[in-house]
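Next come the chains, spelled out residue by residue.
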Amino acid sequence: MTVAIRSNDNEINLLRRSHAVVPGGIHGHQDVKLQWPGAPQFFSRGEGAYIWDVSGNRYIDLLCSYGPIILGHRHPAVEAAVGRQMLQGDCLNTPSPLFVDLAERLVSVVDHADWAMFMKNGSDATTLALTIARAATGRKKILVAKGAYHGATPWCTPNMNGIPEEERANLVYYSYNDTASVDEAVALAGSDLAGIIVSPFRHDAGLDQELVDVAFARHLRTVCDRQDALLILDDVRCGFRLAFGSSWEPIGVKPDLSAWSKAIANGYPLAALLGNDRARDAASSVWAAGSFWFTAVPMAASLATLDVLEKEDGVSRMNSIAATICSGMAGQAASLGLKVNVTGQPTMPYLTFAGETDREWTVRFAAECARRGLYTHPRHNWFVSAAITEQLASEILDITGQAFEAVKRAGAPT
Ligand code: PMP
């Protein structure tokens, strides 16, 4: 593929330096080898709906740092709260009062939650959820959906290099939205079932996304009640993008534990584990600690983020603008005779070209969008933040329209 973004000596130089001192150059999903040839590897600035790479190219940001940016980069209310707390200190010996304020706020916003605990990354929250489910039940087995992403720790990383099989010895796998496979996994776990972890919808990397079947979600709740096991909702990616509360509130299914991170502090490092009273004693009995887990600045950012989302009815606004973008893209592709799948929730859409073998047209489409100033991702769902106005949605659709025409000219199948 020949489409490339302009890169300058600065970017090339950074890559060369990084390869000299960081194994592999860049690790994890932030390595743009997973994107398109020539995708920018380093960004230097973000403001509102825009990001700038180190070569000076500006993009409308539809990846939002893989989820954390929900109000737009450097939202003034969040930055003001951060600035105020920075003047007081961030990393203190014990939590600041904001720790209690934020726990109270999350408990009041999320319907199933009676308590909150804080940490840094989504992986911290999902891993602690498993520990608490095991402590609460005195059992070991956890049911996990095949192919689901729950983080980068040994029990769940998608890459088994360096991971002993034993790390997975107490996991039993089911298929998302498949109640029969859950029943089989429950039978395998037998009397040792501690809990079931599930994402609000199926958002596995590189695959068309699948919304949750409400009967499936209810079945998980019923199974957990019947077996006296805990239901864990991994809301790390979806939290506050589907609902102002747990992502399963709209369908009326309450988990016992929910893991949060990404958007809860508009880009500042924070994760939370929320739970109900059934899990409270177990939660206070396990060892849960990290040197930076109680830093005050991200908590200030989180309180401000929740205030803005609530006052501006951000979740509904994002969803309605995002729905316009999704239906607009589907219409553009259809009018050119291109067969695409736009899947997922509107605020977390993903676009693929039907019938391709190695994401070649999906990759090409992302590259064509980036060339015109729109940053998406060919192998990960996108995120539509509250900084995307109707005006920007129409600019986004201008770009996607041109990108569809370009891939059609390049030979994408019709
Ligand atoms: N769960 C889900 C659903 C996620 O999307 C992610 C991150 N992509 C995680 C857990 C892990 O979060 P983190 O990268 O912050 O550890």
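Residues numbered from 1 in each chain as written. Predicted model: local features only at pLDDT ≥ 70, side-chain atom pairs only at ≥ 80, totals over all residues. Heavy atoms only, no water.

Remarks on the overall build of the protein
The condition is simple: Counting from the N terminus, the helices are the DSSP runs of H or I reaching at least four residues and the strands are the DSSP runs of E reaching at least two. For the radius of gyration, the atoms used are the C-alpha atoms, and the globule rule reads 2.2 Å times the number of residues raised to 0.38. Three labels apply to residues, based on accessible area from a 1.4 Å probe with only protein chains included: buried if under 20% of the type maximum, exposed if over 50%, partly exposed otherwise in between.
Helix and strand content of the protein: 11 helices and 13 strands. A compact globule built from 414 residues would reach a C-alpha radius of gyration of about 22 Å, and the protein, at 21 Å, matches this within 12%. Overall size of the protein, expressed as C-alpha extent along the three principal axes, is 60 × 55 × 45 Å. The buried share among the 414 residues of the protein stands at 56%.

Overview of the pattern of salt bridges
Stated formally: By definition here, a salt bridge exists when the distance from a side-chain nitrogen of Lys or Arg to a carboxyl oxygen of Asp or Glu is within 4 Å.
Under the criterion given, the structure shown has 18 salt bridges. For Asp307, the salt bridge identified is with Arg105, shortest N-O distance 3.0 Å. In this pair, Asp307 is assigned in helix H8 (residues 296–311) and Arg105 in helix H3 (residues 97–109), connecting sequence segments 202 residues apart. For Asp256, the salt bridge goes to Arg278, with nearest N and O atoms at 3.7 Å. With Asp256 in the loop between strand S8 (230–234) and strand S9 (257–260) and Arg278 in the loop between strand S10 (271–275) and helix H7 (280–285), the pair connects residues that are 22 residues apart, well separated along the chain. Exposure remark for Asp256: the relative accessible area of 3% places this residue in the buried category.

A closer look at the site of the ligand
We count it as follows: We call a residue near a molecule or strand when any one of its heavy atoms sits within 4 Å of it. Polar contact is defined as a pair of N or O atoms within 3.5 Å, subject to the rule that within protein one atom must be able to donate a hydrogen and the other to accept it, and that residues adjacent in sequence are counted only when both atoms are side-chain atoms. For accessible areas, the Shrake-Rupley method is used with a probe of radius 1.4 Å. Any residue's cover is judged against the shown protein chains and nothing else. We call Asp, Glu, Lys and Arg charged. Ala, Val, Leu, Ile, Met, Phe, Trp, Tyr, Cys and Pro are nonpolar, and the rest, Gly among them, are polar.
Around the ligand, the surrounding shell consists of Asn121, Gly122, Ser123, Tyr149, His150, Gly151, His203, Asp234, Val236, Arg237 and Lys262. Between Tyr149 and the ligand, the recorded distance is 3.5 Å, taken from a backbone N or O atom to a nitrogen atom. Take Arg237: an N or O atom from its side chain is 2.8 Å from an oxygen atom of the ligand. Expressed as a share of its isolated accessible area of 390 Å², the protein-covered part of the ligand is 89%. Looking at the shell around the ligand, its residues break down into two nonpolar, six polar and three charged.

Some remarks on the domain arrangement of the protein
Note the threshold: Marked domain ranges trace back to an automatic or database domain assignment. For this analysis, residues touch if any pair of their heavy atoms sits within 4.5 Å.
In terms of domains, the protein is made up of domain 1 (9–73 + 313–409) and domain 2 (76–311). Of the residues lining the interface, 29 residues belong to domain 1; the matching set on domain 2 comes to 25 residues. Inspection of the domain 1/domain 2 interface yields zero salt bridges. Inspection of the region where domain 1 meets domain 2 yields 20 residue pairs in polar contact (both at pLDDT 80 or more). When residues of the side of domain 1 that touches domain 2 are traced back to their parent elements, those giving at least two are helix H9 (314–335), strand S11 (340–343) and strand S12 (350–353). Per-element tally for the side of domain 1 that touches domain 2: the top contributor is H9, with four residues.

Digging into the environment of Asp114
Relative to the helices and strands, Asp114 is located in the loop between H3 and strand S4 (115–119). Linking Asp114 and Ala103, residues 11 residues apart in sequence, is a C-alpha distance of 9.3 Å. Not counting the four nearest positions on each side in its chain, Asp114 is found in contact with Val107, Gly275, Asn276, Asp277 and Arg280.

Some words on the nonpolar core
Note that soluble globular proteins tend to have their nonpolar side chains buried in a common cluster. In plain terms, the rule: We call a set of buried Ala, Val, Leu, Ile, Met, Phe, Trp, Tyr and Cys residues a nonpolar core when their side-chain atoms join them within 4.5 Å.
Core analysis: the biggest nonpolar cluster contains 34 residues, and Leu102, Leu106, Phe118, Phe240 and Leu274 have the highest contact counts within it. Counting the residues that make up this core, at least three belong to each of domain 1 (9–73 + 313–409) and domain 2 (76–311). The contacts of Leu106, once residues within four sequence positions are left out, are Phe118, Phe240, Ala272, Leu274 and Leu306. Of all hydrophobic cores here, the second largest spans 33 residues; its members include Leu351, Phe365, Ile388 and Ile396.

Focus on the sheet that holds strand S13 (residues 374–375)
The criterion, for reference: Note: two strands are recorded as paired if DSSP finds a minimum of 2 bridges between them.
Read from one edge of the open sheet, four strands run S1-S2-S3-S13, paired in mixed fashion. Here the strands that pair on one side only, and so sit at the sheet edges, are strand S1 (43–47) and S13. Looking at chain direction, strand S3 (residues 58–61) and S13 are connected through two bridges and run parallel. Note that in S13 the partner of Asp61 across the bridge is Tyr375.

What to know about the pairing of strand S2 (residues 50–53)
Burial along S2 is two-sided: the residues Tyr50 and Trp52 and Ile51 and Asp53 are all buried. Two strands pair when backbone bridges link them, and S1 and S2 are joined in this way by four bridges, in the antiparallel orientation. Note on S2: the bridge partner recorded for Phe43 is Asp53. Where S1 folds back on S2, the antiparallel hairpin that results is connected by two residues, among which Gly48 adopts a positive phi of roughly 60°. Across three bridges, the pairing between S2 and S3 is antiparallel. The residue bridging Tyr50 from the neighbouring strand is Ile60, located in S3. Turn length for the S2-S3 hairpin, with the two strands adjacent in sequence and antiparallel, is four residues, and the turn residue Gly56 shows positive phi of about 90°.

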